[in-house]
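For reference, the chains in residue letters:
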Amino acid sequence: MKSKKTLSKLLAVAGISLFFLNACSSAPTQSAEDVIGKFKTQVKEVKSVDMSVDVSMTGEDAGDNIGFNLEADVKLDRQDQTDRKADVDVKLDGSLNAGDQSMDGKAHLKLISIGEELYFNINEFRSTDPNTKSFESLLEPYLKQWQHLSSDFIPEDIKKLQKKDEETLKKEAELKELFINTKLFEVTKEFGVEKLNGKKVYHYGVKLDKEGVKEYVKKASTINGRELTTDEVEEASVFADSVSNMELYIGEKDYFLYKAVVELSGTSPEDGVTTNISLNYVASSYNQDLKIAIPNEYEEFNPLSLLMGLQLGGSGGLLGEPADDLKGEGLDELTEGEGVEESLESTTE
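Predicted model, so just to flag it, every value in this text is computed and none were measured.

## A word on helix α6 (residues 210-223)
Taking 1.5 Å as the rise per residue, α6 with 14 residues should run 20 Å; its terminal C-alpha atoms sit 20 Å apart, in good agreement. Looking at the buried positions of α6, the neighbouring elements they touch are α5 (166-181), β9 (199-208), α7 (230-237) and α8 (239-242). Structurally, the start of α6 carries an N-cap: the backbone nitrogen of E211 is 3.2 Å from a side-chain oxygen of D209. At the exit of α6 stands G225, carrying a positive phi of roughly 90°.

Spelled out as structure tokens, the structure:
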């Protein structure tokens, strides 16, 4: 009798264990190659996405070290190509210790872009670096309140990121096709089907196919109008060797990417600096209506006041209302003069 009771308990425990294992992971119904192929194809179908990206990086050599962390919550809406929208919330903090120098800083920026209109809110900007103290004082009047930056002050290269012409859209389409048709991933481990935020996903460990990366880099540069040399292609593909871990979580039904984990590490042979990078991507939804709207309250921002304040060492008198003869002027009208246009172009490349 005792042995029968023991056997019954063991069977019960085994049954419960199998239940929970099945709830966490189950056998895939498709081959990994098919799933990866469908995931790549679905890239073309992304019209909107609500996602977050966390990146951390450390670099160190014998006596110096640097590190930073970035957290970004991003909403992108491209369902209407004539009214492209973006909502970006970025937090950044970092530190540097090199020789007798030691500093750290934090920044928190929000951006809303609707068509060609841009709104921003600097929630925080501070640093222990003495060289940034004057800039901090200049930013003080603008902190924690929404500002509207007129499209007159936005460089054309930045505008194109939102309102893209036919040539740019054509290049994007070609790059997406190249991504689909190039072998970039090789599955190294199948974890099975799991649940992620209530959604069933295929979970794979993958690595980058170096030859595929070379092919993609070379052809992508051609699409963008520049032929890379063999050495440049080799240099661009080196990062494939530095990927120590990569995992993809792909939707079982829609094949969208709902999570990605990427870890890179390596040591530069030239300066001996060891670098470690960790990236975590999570998407909560695709192709849904996202609430991206103009802030309820905002002020008109004229960057000329800030630029003039920097040039004159942060004079407090320049932080108020800009002079009447500068109001409403655009960058094209206010940057005439030798060397200025070249300087502006270099900052937007």
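Read on, since the account is not over.
## Re the pattern of salt bridges
Within the structure shown, the criterion is met by ten salt bridges. Across the salt bridge formed by D83 and K85, the nearest N and O atoms sit 3.9 Å from each other. D83 sits in the partly exposed class, given a relative accessible area of 28%. Of the charged contacts, one joins E234 and K214 as a salt bridge, the two residues approaching to 2.8 Å between their closest N and O atoms. Note that E234 is positioned in helix α7 and K214 in helix α6, a separation of 20 residues in sequence. Through salt bridges with shared partners, one network takes in D104, E124 and R126.

## Observations regarding the packing of α5 against α6
At their nearest, the axes of α5 and α6 sit 10 Å apart, and the two run at 165° to each other. With respect to α6, the element α5 is oriented roughly antiparallel. Of the two elements, α5 crosses α6, and the hand of that crossing is right-handed. Contact residues: K171, E174, L175, L178 and F179 in α5; Y216, K219, A220 and I223 in α6.

## Section: a positive patch on the surface
A contiguous patch of positive charge, built from K195, K199, K200 and K253, is present on the exposed surface. Within the element layout of this structure, K199 appears in strand β9. By relative accessible area, K199 is classed as partly exposed at 32%.

## So, the packing of α6 against α7
Across the interface, α6 lies against α7 with an axial gap of 9 Å and an inter-helix angle of 125°. The orientation of α6 with respect to α7, classified from their angle, is oblique. Two packed elements cross with a definite hand, and for α6 against α7 that hand is right-handed. Residues K210, V213, K214, V217 and K218 of α6 lie in contact with α7, whose contacting residues are V233, E234, A236 and S237. Here the residues of the contact of α6 with α7 are counted per class, giving four nonpolar, one polar and four charged.

Cut-offs applied
- Residues numbered from 1 in each chain as written.
- Predicted model: local features only at pLDDT ≥ 70, side-chain atom pairs only at ≥ 80, totals over all residues.
- Heavy atoms only, no water.
- Helix = DSSP H or I, 4+ residues; strand = E, 2+ residues; numbered from the N terminus.
- Expected span 1.5 Å × (residues − 1).
- Contact = heavy atoms within 4.5 Å.
- Polar contact = N/O pair within 3.5 Å; in protein donor to acceptor, adjacent residues only side chain to side chain.
- Salt bridge = Lys/Arg side-chain N within 4 Å of Asp/Glu carboxyl O.
- Buried < 20%, exposed > 50% of the residue type's maximum accessible area, 1.4 Å probe, protein only.
- Axes fitted to C-alpha atoms, helices over the stretch in contact; angles between N-to-C directions.
- Parallel < 35°, antiparallel > 145°, perpendicular 65-115°, else oblique.
- Left-handed = near helix turned anticlockwise from the far one by under 90°.
- Patch = residues over 30% accessible without salt bridge, like charges linked within 9 Å, V, L, I, M, F, W, Y side chains within 5 Å.
- Areas by Shrake-Rupley, 256 points an atom, 1.4 Å probe, with all protein chains shown as cover.
- Lys, Arg positive; Asp, Glu negative; His and termini not counted.
- Charge placed at Lys NZ, Arg CZ, Asp CG, Glu CD.
- Nonpolar A, V, L, I, M, F, W, Y, C, P; charged D, E, K, R; others polar.

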